[in-house]
Amino acid sequence: MRYVANTDRYRDMVYNRCGNSGIQLPAISLGLWNNFSDNDPIENQRVMLFKAFDLGITHFDLANNYGPPAGSAEINFGRILREDLAAYRDEMIISTKAGFRMWDGPYGDWGSRKYLVASLDQSLKRMGLEYVDIFYHHRPDPNTPLEETMAALDQIVRQGTALYVGISNYDADQTKEAVKILQEQNTPFIIHQAAYSMLDRKIEHGLTEVLEKNSIGCIAFVPLAQGLLTNKYLNGIPKDSRAAKDYIPFLNEKDISSSVLQKVKSLNDLAASRGQSLAQMALVWVLQQKSVASALIGASRASQIEENVRALENIQFSADEMKQINEILK
Ligand SMILES: NC(=O)c1ccc[n+]([C@@H]2O[C@H](COP(=O)([O-])OP(=O)(O)OC[C@H]3O[C@@H](n4cnc5c(N)ncnc54)[C@H](OP(=O)(O)O)[C@@H]3O)[C@@H](O)[C@H]2O)c1
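Analysis parameters
Residues numbered from 1 in each chain as written. Predicted model: local features only at pLDDT ≥ 70, side-chain atom pairs only at ≥ 80, totals over all residues. Heavy atoms only, no water. Axes fitted to C-alpha atoms, helices over the stretch in contact; angles between N-to-C directions. Helix = DSSP H or I, 4+ residues; strand = E, 2+ residues; numbered from the N terminus. Parallel < 35°, antiparallel > 145°, perpendicular 65-115°, else oblique. Left-handed = near helix turned anticlockwise from the far one by under 90°. Contact = heavy atoms within 4.5 Å. Nonpolar A, V, L, I, M, F, W, Y, C, P; charged D, E, K, R; others polar. Pairing = 2+ DSSP bridges. Buried < 20%, exposed > 50% of the residue type's maximum accessible area, 1.4 Å probe, protein only. Right-handed = clockwise from strand over helix to strand, strands pointing away. Near = heavy atom within 4 Å. Polar contact = N/O pair within 3.5 Å; in protein donor to acceptor, adjacent residues only side chain to side chain. Core = buried A, V, L, I, M, F, W, Y, C linked by side-chain atoms within 4.5 Å. Phe/Tyr/Trp six-rings, centres within 6.5 Å; stacked < 30°, edge-to-face > 60°. Lys NZ or Arg CZ within 6 Å of the ring centre and 35° of its normal. Salt bridge = Lys/Arg side-chain N within 4 Å of Asp/Glu carboxyl O.

Engineer: Kindly report on the packing of helix α3 (residues 113-127) against helix α4 (residues 146-158), identifying the contributing residues and their values.
Structural biologist: Think of two packed helices as two axes; the pair is described by the angle between the axes and how far apart they sit. Packing of α3 against α4 leaves a shortest axis separation of 8 Å and a crossing angle of 30 degrees. When the axes of α3 and α4 are compared, the pair comes out roughly parallel. Between α3 and α4 lies a crossing of right-handed hand. Listed contacts from α4 to R113, L116, V117 and L120 of α3 are E148, T149, A151, A152, L153, Q155 and I156. Classifying every residue of the contact of α3 with α4 gives 7 nonpolar, 2 polar and 2 charged.

See below:
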């Protein structure tokens with residue numbers, strides 16, 4: 001299949017400025033953590049990427065270890081980019097990360113300069129890119145001085161292999177420390193990638209304040225709680241869902257408890273009263289948070305991406321709806 005771009009691709013997407021940087025991110029971004037591995041048909045991967053780009057999703061998020069096997073999502077993305085989308089590279093924000101175990105021995109994990117610089121080199125080769133737009137440290141490292149990790153991020157920008165840097169999974173205090181060092185270094189630190197959804201509101205207890213104060217943008221990952229915040233698990237576990245796939249260990253039957261399902265059912269009813277699917281309401285809900293520039297979704301099929309982008313047709317919540325949501329989530 002040859003890609004023919006939709007000439008209206010920027011018509012319906014909303015773009016939000018990321019902190020006080022020069023970059024605007026699509027309100028919905030696509031992550032390749034799952035469904036872009038060597039277990040997933042490349043044709044479906046291609047169709048999803050085409051659909052996303054055609055709907056104005058200009059931001060694609062990867063990490064060195066996305067797969068399985070680790071690295072395969074970058075290889076598959078790189079292949080589709082090269083074969084079909086190369087002409088559109090400058091219309092995209094492509095990010096990758098390092099911070100989790102990637103190769104054997106003491107240098108393929110955590111936050112040393114050695115690991116970060118080598119890992120980004122490997123990522124660029126896998127994707128066939130000269131640089132990424134955003135490079136993240138994927139998780140804080142309790143054993144490497146933060147100064148070293150932050151200096152590595154700075155080096156990466158100075159050497160031209162990333163344009164901007166971000167951090168992920170850092171809590172409020174760790175973020176404050178990182179901001180201080182990165183500002184001293186004058187490193188273009190523009191984004192924090194944090195878990196945020198109706199079922200995971202930890203960032204509201206300190207982190208969002210730090211981000212707002214320092215004009216750092218937030219991209220909210222797992223905004224649909226891996227699919228829990230949709231109607232898909234209301235009547236059991238569908239065979240083709242993430243929870244049913246044994247090569248994806250991140251969502252299991254035990255995560256789909258009756259107390260969670262009770263909340264999901266009530267949220268689903270409320271979404272219906274707004275004329276939205278639960279997935280759509282859950283996405284616009286994370287975008288209500290002031291520092292959140294983008295909701296970083298995953299998808300297993302193009303129709304989900306279409307449905308999720310249509311969430312932007314109704315982004316307003318009444319005070320009463322917000323109250324009802326808080327009641328349900330209590
Ligand atoms: N920085 C970090 O540490 C970190 C950690 C995790 C994720 N992330 C990033 O966040 C991205 C998103 O993570 P995620 O995939 O868990 O996010 P998510 O959006 O919460 O969940 C995506 C899953 O929800 C289901 N889904 C999506 N739209 C749907 C719809 N309209 N109707 C029904 N089901 C729908 C699909 O499940 P099925 O597959 O069952 O169809 C899809 O695979 C990742 O790709 C990655 O880029 C970052």
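The discussion continues.
Engineer: Give me the sheet that holds strand β8 (residues 189-195): which residues, what numbers.
Structural biologist: Taken together, the 8 strands give a closed barrel; going around it, the order is β3-β4-β5-β6-β7-β8-β9-β10, and neighbouring strands pair in parallel fashion. Each strand of the sheet is rotated relative to its neighbour by a mean of 30 degrees, with strand direction disregarded. Both strand β9 (residues 217-221) and strand β10 (residues 292-297) contribute to a ladder of 4 bridges, which runs parallel. By the bridge assignment, I219 is partnered in β10 with S294.

Engineer: Summarise the pairing of strand β6 (residues 132-137); cite the residues concerned and give the values.
Structural biologist: Within a regular strand, the side chains alternate between the two sheet faces. Summarising burial for β6: 6 of the 6 residues are buried, a large majority. Pairing of strand β5 (residues 93-98) with β6, which is carried by 4 bridges, proceeds in the parallel orientation. Within β6, the residue paired with K97 across the bridge is Y136. Regarding the hand of the β-α-β motif, the stretch spanning β5, α3 and β6 is right-handed. The sheet contact formed by β6 and strand β7 (residues 162-168) spans 5 bridges and is parallel.

Engineer: An account of the site of the ligand is needed here, citing residue identities and associated values.
Structural biologist: Not every one of the 33 residues close to the ligand is listed here, only the nearest: D61, S168, K232, R242 and S300. L224 places a polar main-chain atom, nitrogen or oxygen, 2.8 Å from an oxygen atom of the ligand. In the environment of the ligand, an oxygen atom lies 2.5 Å from a nitrogen or oxygen atom belonging to the side chain of K232. Listed by contribution, the elements that provide at least two residues to the shell around the ligand are β10 and α9 (302-309). Of all the elements, α9 adds the most residues to the shell around the ligand, at 3 residues. Its residues placed into classes, the shell around the ligand shows 13 nonpolar, 14 polar and 6 charged.

Engineer: Please set out the nonpolar core residue by residue, giving values where relevant.
Structural biologist: Counting 97 residues, the largest nonpolar core has L30, F60 and L85 as its most contacted members. A total of 9 residues in this core trace back to one element, the largest contributor, which is helix α8 (residues 278-287). Dropping the residues within four chain positions of it, F60 is found in contact with L30, L32, L49, A52, F53, F77, M92, I93, I94 and S95. In this structure, C18, I190, F221 and L296 belong to the second largest nonpolar core, which totals 13 residues.

Engineer: Would you mind going over the packing of aromatic side chains in detail, with residue names and values included?
Structural biologist: Tallied over the entire structure, the rule returns 9 aromatic pairs. Both rings, one in W33 and one in F250, keep their centres 4.6 Å apart while their planes meet at 40 degrees; by these two values the pair is tilted. With W33 in the loop between β3 (28-31) and α1 (42-54) and F250 in the loop between β9 and α7 (258-273), the pair connects residues that are 217 residues apart, well separated along the chain. Assessed through its relative accessible area of 25%, W33 is described here as partly exposed. Ring geometry for F60 versus F77: centroids 5.9 Å apart, planes at 40 degrees, classification tilted. Placement of F60 in strand β4 (residues 59-61) and of F77 in helix α2 (residues 72-85) is noted, with a sequence separation of 17 residues between them. A residue is classified by how much of its surface remains accessible, and F60, at 1% relative accessible area, is buried. Relative accessible area serves as the criterion here: at 2%, F77 is assigned to the buried category. Through a chain of ring-to-ring contacts, the aromatic side chains of Y3, F50, F53 and Y88 assemble into a single cluster. For R89, the ring lying beneath its charged end belongs to Y131, and the centroid distance is 4.5 Å. The positively charged end of R139 is found above the aromatic ring belonging to W110, 3.6 Å away from the centroid.

Engineer: Tell me about the pattern of salt bridges, residues and numbers included.
Structural biologist: For the structure shown, the criterion picks out 24 salt bridges. Measuring nitrogen to oxygen at the nearest pair gives 3.7 Å for the salt bridge that ties D109 to R101. On the basis of relative accessible area, R101 is assigned to the partly exposed category, the value being 44%. With its nearest N and O atoms 3.3 Å apart, the salt bridge here joins D240 to R301.

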